[in-house]
Amino acid sequence: MKKTMSRVLAAALALSLTAVLAGCGGSGTANTGSETSGAAQGESSGAANVEHDKESVKYLISYEPQGVNPGAASKGVDFTISGNIYDTLIREQPDNRSEFREGLATEWAYNEDGTELTFTIRDGVKFHDGTELTIEDVVYSLEYDLKQAPNAAAQPVVKSIEAVGDNQVKVSCNYAYKPLLNLFATPGFGIFSKAFYEKCEADGTNFMRVECGTGPYILDEWVSGSTLKLHSNDEWWGGTPSIKNVTFEIAQDSTTAALMMENNQADAFFCPAASDTQRLDDLDNVSINWAPSAFIYYMIFNTKRAPFDDPKVREAISYAIDRESVLQGGVAGVGSVTPFPVAPGFFGYDESFEPNPYDPDKAIELLKAAGYNDGDISCKMVTSSETWYQNPAQVVQACLQEIGINCEIEILEPAAFKQQVLTQKDFDLSFYNSGAPISDADPVLWGNYHTTGAYNLAGVDDAKVDELLETARMSLDDDERLECYKEIGELNKENNWYIYTHTGYNAIAYNSDLTGGFYTCNNYAIYNNICDWTWK
């Protein structure tokens, strides 16, 4: 079986080299065809010494955003664009997501029991249409943002949002929630003009495609399927950006985008294909910035369906999954092995956690003890067509075949996958990922493990797990929270509801003469700071 395993892994690795990097949040499988257009076709033009417009940047993106308004979506591109248009009350420190800096708020403070958070709003801020920001705009924006799907983690926490005097906003909570500040720092809680929104509603304008924020950049034009053009807000409270003009251009495909970077026809490219990153990084005119993804990838057992309702079968399989092979064969090694239910860099991650080791012989032994011999188990693993799911799933399939489990893979388009797996829970096994807009274990683990969790796809129904999650959610004691999450990791190891394999890395390729604002912390919206960029 070892030779069979090697052949499958080799095939999976070859496929993965055309994949968009895991965690970049594409809306579908990238077109990785070899056709190119314009001057990017063929060999490099050797244009490394081209003089750049020192006030402009052309930024290639792999797909069109769903919208530019706050809360429109939680994909990397959407957050990158909206985060450059809209300000939030506070901002994360770029190299440490647990610390914060000023945004539209200059001060913030909790009450004694942590159930009220009060923000003091900056004076003299103007929207892009020249009107002044008011406390009413802030309250209205936050109430709108709270209802949007990407902000689901905040919805059970926040009880009310109200103005206090002329320059403060008080957020009252149903219970103390330690990562609340992290939530308000995400681009999903951007502030917009109430009057502008109401005008859009009145005249039928699609609010997702227009804007009136206070951020460092202003949307000029959105040509569907082509470009979004922004110019700097020279009255921005944070100072005048060095980059005056930004064009987000939707790349034809990853190959074309890489060649455009090589030939100085573009200045930045969000999430290049793994097959192109090393070649780009070797160029004098291109650099690569890596940042850990906010997503963790895993195999899901449907514990309501035989034979995976048997904990002994799940335990056996836990010894069969070679995480290093999944990383190498599934995403070309671009990432890190992650056996714990929380991604590295998140609060709650346990770096001392030790999973069941890869031991296929023990897996076979445990299967026999559970009453199953070679070939007795046949199952179907359902996954989505995005390469960052289906390629690792093929390696997991090979691992299962190595211990005598016949596993067929069913690949569905993203919408069909979500309907069948996320909504109907119609699967034996699945391969998926979990992430959160904040670097805290609560939204990830609550979603996957709580009885009421929206992404409890394994069917976890464990009173102890619910108790631990509820304690961690409402505690302000970091040590207590960490212990809760550590225990949940051990309970998953004992019960094997999920088998976690790896986290990916996001990358941006950028012109080597650009500087500032390229950070390496785990962040959904790590590139929403073009205002920090400058040309050398």
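Residues numbered from 1 in each chain as written. Predicted model: local features only at pLDDT ≥ 70, side-chain atom pairs only at ≥ 80, totals over all residues. Heavy atoms only, no water.

Brief notes about the overall build of the protein
Turning to step 1, where the next piece is worked out: Counting secondary structure elements, the protein contains 15 helices and 19 strands.
Turning to step 2, where the next piece is worked out: By sequence separation, contacts in the protein at least 24 residues apart represent 71% of the contacts at least 6 residues apart.
Turning to step 3, where the next piece is worked out: As displayed, the protein has an accessible area near 20,700 Å², and 45% of this comes from carbon and sulfur atoms. (Helix = DSSP H or I, 4+ residues; strand = E, 2+ residues; numbered from the N terminus. Contact = heavy atoms within 4.5 Å. Areas by Shrake-Rupley, 256 points an atom, 1.4 Å probe, with all protein chains shown as cover.)

Focus on the pairing of strand β14 (residues 378-384)
Turning to step 1, where the next piece is worked out: Burial of β14 is extensive: 5 of the 7 residues sit out of reach of the surface.
Turning to step 2, where the next piece is worked out: Pairing of β14 with strand β15 (residues 406-412), which is carried by 7 bridges, proceeds in the parallel orientation. Bridging across to β15, M381 finds its partner in I409.
Turning to step 3, where the next piece is worked out: Handedness of the β14-helix α11 (residues 387-402)-β15 crossover: right-handed.
Turning to step 4, where the next piece is worked out: Bridging between β14 and strand β16 (residues 429-434) involves 2 bridges; their strand directions are parallel. By the bridge assignment, M381 is partnered in β16 with L429. (Buried < 20%, exposed > 50% of the residue type's maximum accessible area, 1.4 Å probe, protein only. Pairing = 2+ DSSP bridges. Right-handed = clockwise from strand over helix to strand, strands pointing away.)

Some remarks on the nonpolar core
Turning to step 1, where the next piece is worked out: By size, the foremost hydrophobic cluster in this structure holds 71 residues, and its most contacted members are Y59, F119 and W533.
Turning to step 2, where the next piece is worked out: No other element matches the 6 residues that helix α3 (residues 135-146) contributes to this core.
Turning to step 3, where the next piece is worked out: Of all hydrophobic cores here, the second largest spans 69 residues; its members include Y297, M381, C399 and L429. (Core = buried A, V, L, I, M, F, W, Y, C linked by side-chain atoms within 4.5 Å.)

A look at the sheet that holds strand β6 (residues 158-164)
Turning to step 1, where the next piece is worked out: The strand order β4-β5-β7-β6 describes an open sheet built from 4 strands, whose pairing is antiparallel. Each end of this open sheet is capped by a strand with a single partner; those strands are β4 (105-110) and β6. Here the strands of the sheet are splayed against their neighbours by 15 degrees on average, with no regard to which way each runs.
Turning to step 2, where the next piece is worked out: Where β6 and strand β7 (residues 168-173) come together, 6 bridges link them in antiparallel fashion. Directly across from S160, in β7, lies its bridge partner S172.
Turning to step 3, where the next piece is worked out: Helix-sheet contacts for α3 involve β5 (116-121), β6 and β7, and the interaxial angle to β6 is about 170 degrees. (Axes fitted to C-alpha atoms, helices over the stretch in contact; angles between N-to-C directions.)

Some remarks on the packing of helix α13 (residues 441-449) against helix α14 (residues 463-474)
Turning to step 1, where the next piece is worked out: Taken N-terminus to C-terminus, the directions of α13 and α14 make an angle of 155 degrees; their axes are 11 Å apart at the nearest point. One way to sum up the angle between α13 and α14 is to call them roughly antiparallel. Pair α13 / α14 crosses with left-handed handedness. On α14, the residues that touch D442, L445, W446 and Y449 of α13 are V465, D466, L469, E470 and R473. (Parallel < 35°, antiparallel > 145°, perpendicular 65-115°, else oblique. Left-handed = near helix turned anticlockwise from the far one by under 90°.)

With respect to a negative patch on the surface
Turning to step 1, where the next piece is worked out: Among the surface-exposed residues, D477, D479, E480 and E483 lie close enough to one another that they form a single negatively charged patch.
Turning to step 2, where the next piece is worked out: Examined against the element boundaries, E480 turns out to sit in helix α15 (residues 478-495). (Patch = residues over 30% accessible without salt bridge, like charges linked within 9 Å, V, L, I, M, F, W, Y side chains within 5 Å. Salt bridge = Lys/Arg side-chain N within 4 Å of Asp/Glu carboxyl O. Lys, Arg positive; Asp, Glu negative; His and termini not counted. Charge placed at Lys NZ, Arg CZ, Asp CG, Glu CD.)

Some thoughts on unusual backbone geometry
Turning to step 1, where the next piece is worked out: Put simply, A306 and P307 share a cis peptide bond, and its omega is 0 degrees.
Turning to step 2, where the next piece is worked out: Relative to the helices and strands, P307 resides in the loop between β12 (286-301) and α8 (311-318).
Turning to step 3, where the next piece is worked out: Residues other than glycine seldom take positive phi values, yet N264 does so here, at roughly 60 degrees.
Turning to step 4, where the next piece is worked out: Note on placement: N264 falls in the loop between α6 (254-262) and β11 (268-270).
Turning to step 5, where the next piece is worked out: For N264, a relative accessible area of 10% corresponds to the buried category.
Turning to step 6, where the next piece is worked out: At A332, a position not held by glycine, the phi torsion is positive, near 60 degrees.
Turning to step 7, where the next piece is worked out: Mapped onto the secondary structure, A332 falls in the loop between α9 (323-331) and β13 (335-337).
Turning to step 8, where the next piece is worked out: For A332, a relative accessible area of 23% puts it in the partly exposed group.

Description of the packing of aromatic side chains
Turning to step 1, where the next piece is worked out: The final tally for this structure, using the stated rule, is 27 aromatic pairs.
Turning to step 2, where the next piece is worked out: Plain terms: the ring middles of Y197 and F207 are 4.9 Å apart, the flat faces sit at 90 degrees to each other, and that makes the pair edge-to-face. Pair noted here: Y197 is in helix α5 (residues 194-203) and F207 is in the loop between α5 and β8 (217-223), with a separation of 10 residues, a long-range link. Each member of the pair Y197 and F207 is classed as buried. (Phe/Tyr/Trp six-rings, centres within 6.5 Å; stacked < 30°, edge-to-face > 60°.)

Some points on α3
Turning to step 1, where the next piece is worked out: Between its terminal C-alpha atoms α3 stretches 17 Å, which fits the 16 Å expected from 12 residues at 1.5 Å a residue.
Turning to step 2, where the next piece is worked out: Burial analysis of α3 places 9 of its 12 residues in the buried class, which makes it a mostly covered element.
Turning to step 3, where the next piece is worked out: Among the residues of α3, those classed as buried are I135, D137, V138, V139, S141, L142, Y144, D145 and L146.
Turning to step 4, where the next piece is worked out: In this structure, the buried side of α3 is in contact with β5, β6, β7, α4 (180-184) and α5. (Expected span 1.5 Å × (residues − 1).)

Section: the confidence of the model for the protein
Turning to step 1, where the next piece is worked out: For the protein, the mean per-residue pLDDT works out to 88, and 89% of the residues sit at or above 70.
Turning to step 2, where the next piece is worked out: For the stretch residues 1-23, pLDDT sits under 50, and the model shows 67 contacts to residues farther than four places along the chain or on other chains.
Turning to step 3, where the next piece is worked out: Counting interchain partners and residues more than four positions distant, the pLDDT-below-50 stretch residues 25-48 has 50 contacts. (pLDDT = per-residue confidence, 0-100.)

Focus on the pattern of salt bridges
Turning to step 1, where the next piece is worked out: Applying the stated criterion across every chain yields a total of 17 salt bridges.
Turning to step 2, where the next piece is worked out: A salt bridge links E162 to K170; its shortest N-O distance comes to 3.7 Å.
Turning to step 3, where the next piece is worked out: Residue E410 is joined to K380 by a salt bridge in which the shortest nitrogen-to-oxygen separation is 3.9 Å. Highlighted residues: E410 in strand β15 and K380 in strand β14, separated in sequence by 30 residues.
Turning to step 4, where the next piece is worked out: What makes E410 partly exposed here is its relative accessible area of 22%.
Turning to step 5, where the next piece is worked out: It is possible to trace a salt-bridge network through shared partners that takes in E116, E162 and K170.

A word on the environment of G447
Turning to step 1, where the next piece is worked out: Tracing the chain through its elements places G447 in helix α13.
Turning to step 2, where the next piece is worked out: The exposure class assigned to G447 is buried, which follows from its relative accessible area of 10%.
Turning to step 3, where the next piece is worked out: Sequence separation between G447 and S434 is 13 residues; the distance between their C-alpha atoms is 8.7 Å.
Turning to step 4, where the next piece is worked out: Here G447 is in contact with D442, G453, A454, Y455 and N456, once residues within four sequence places are set aside.

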